[in-house]
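# Architecture at a glance
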Amino acid sequence: MALDLDTLLEGSPAYGVLDARDGVVLFRRSGHEREFEALAAETMKASGAEYEAIALENEDAECDRLFIAPLSEHRSFDRSD
């Protein structure tokens, strides 16, 4: 499955999407741990030209969220000349 940014932003039964500064956070839904784990691994692998994906872990060192930063948009920490 190709994971482009628009597809990720649709959400699924396995995860929800929250708007965040300079990107979005994908959060795992209860009962879908394995499905989210697979999605996270695939998203991290596909990260590159369109977006950067950063795995966020809970206190049990499980990836339960992904921060997705689109690379084509202006980010708040970019310098403006």
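### Quick notes on the sheet that holds strand β1 (residues 15–20)
Taken in spatial order, the four strands of this open sheet run β1-β2-β4-β3, and their pairing is antiparallel. Edge positions in the open sheet fall to β1 and β3 (51–57), since each of these has one partner strand only. Across the sheet, the mean angle from the axis of one strand to that of its neighbour is 25°, orientation sign disregarded. Bridging between strand β2 (residues 23–28) and strand β4 (residues 63–70) involves four bridges; their strand directions are antiparallel. Among the inter-strand pairings, L26 is bridged to a residue of β4, identified as L66. Sitting on the sheet, helix α2 (residues 33–46) touches β1, β2, β3 and β4, and the angle it makes with β4 is about 30°.

### Some details on the pattern of salt bridges
What the rule picks out here adds up to two salt bridges. Across the pair E62 and R28 runs a salt bridge, and its minimum N-O distance is 3.7 Å. One end of the pair, E62, is in the loop between β3 and β4; the other, R28, is in strand β2, and 34 residues separate them in sequence. Accessibility expressed as a relative area gives 36% for E62, which makes it partly exposed. A residue is classified by how much of its surface remains accessible, and R28, at 21% relative accessible area, is partly exposed.

### Let's talk about the environment of L5
Take L5: it is sitting in helix α1 (residues 5–9). Distance from L5 to A69, taken between C-alpha atoms, is 9.4 Å for residues 64 residues apart in sequence. For L5, the contacting residues outside a window of four places in its chain are E50, Y51, I68 and P70.

### Concerning the pairing of β1
Note that β1 and β2 share six bridges and pair antiparallel. Counted as the bridge partner of L18 is V25 from β2. In textbook terms, the turn of a hairpin is the stretch between consecutive antiparallel strands, and for β1 and β2 this stretch comprises two residues, one of which, D22, has a positive phi near 65°.

### Focus on the pairing of β3
Where β3 and β4 come together, seven bridges link them in antiparallel fashion. The partner of E57 across the bridge, within β4, is C63. Linking β3 back to β4 in an antiparallel pair, the connection comprises five residues, with A61 at a positive phi of about 60°.

### Quick word on a negative patch on the surface
A surface patch of like charges, here negative, comprises D4, D6, E10 and E50. Along the polypeptide, E10 turns up in the loop between α1 and β1. Under the relative-accessibility criterion, E10 is labelled exposed at 65%.

Parameters at a glance
- Residues numbered from 1 in each chain as written.
- Predicted model: local features only at pLDDT ≥ 70, side-chain atom pairs only at ≥ 80, totals over all residues.
- Heavy atoms only, no water.
- Pairing = 2+ DSSP bridges.
- Helix = DSSP H or I, 4+ residues; strand = E, 2+ residues; numbered from the N terminus.
- Axes fitted to C-alpha atoms, helices over the stretch in contact; angles between N-to-C directions.
- Contact = heavy atoms within 4.5 Å.
- Salt bridge = Lys/Arg side-chain N within 4 Å of Asp/Glu carboxyl O.
- Buried < 20%, exposed > 50% of the residue type's maximum accessible area, 1.4 Å probe, protein only.
- Patch = residues over 30% accessible without salt bridge, like charges linked within 9 Å, V, L, I, M, F, W, Y side chains within 5 Å.
- Areas by Shrake-Rupley, 256 points an atom, 1.4 Å probe, with all protein chains shown as cover.
- Lys, Arg positive; Asp, Glu negative; His and termini not counted.
- Charge placed at Lys NZ, Arg CZ, Asp CG, Glu CD.

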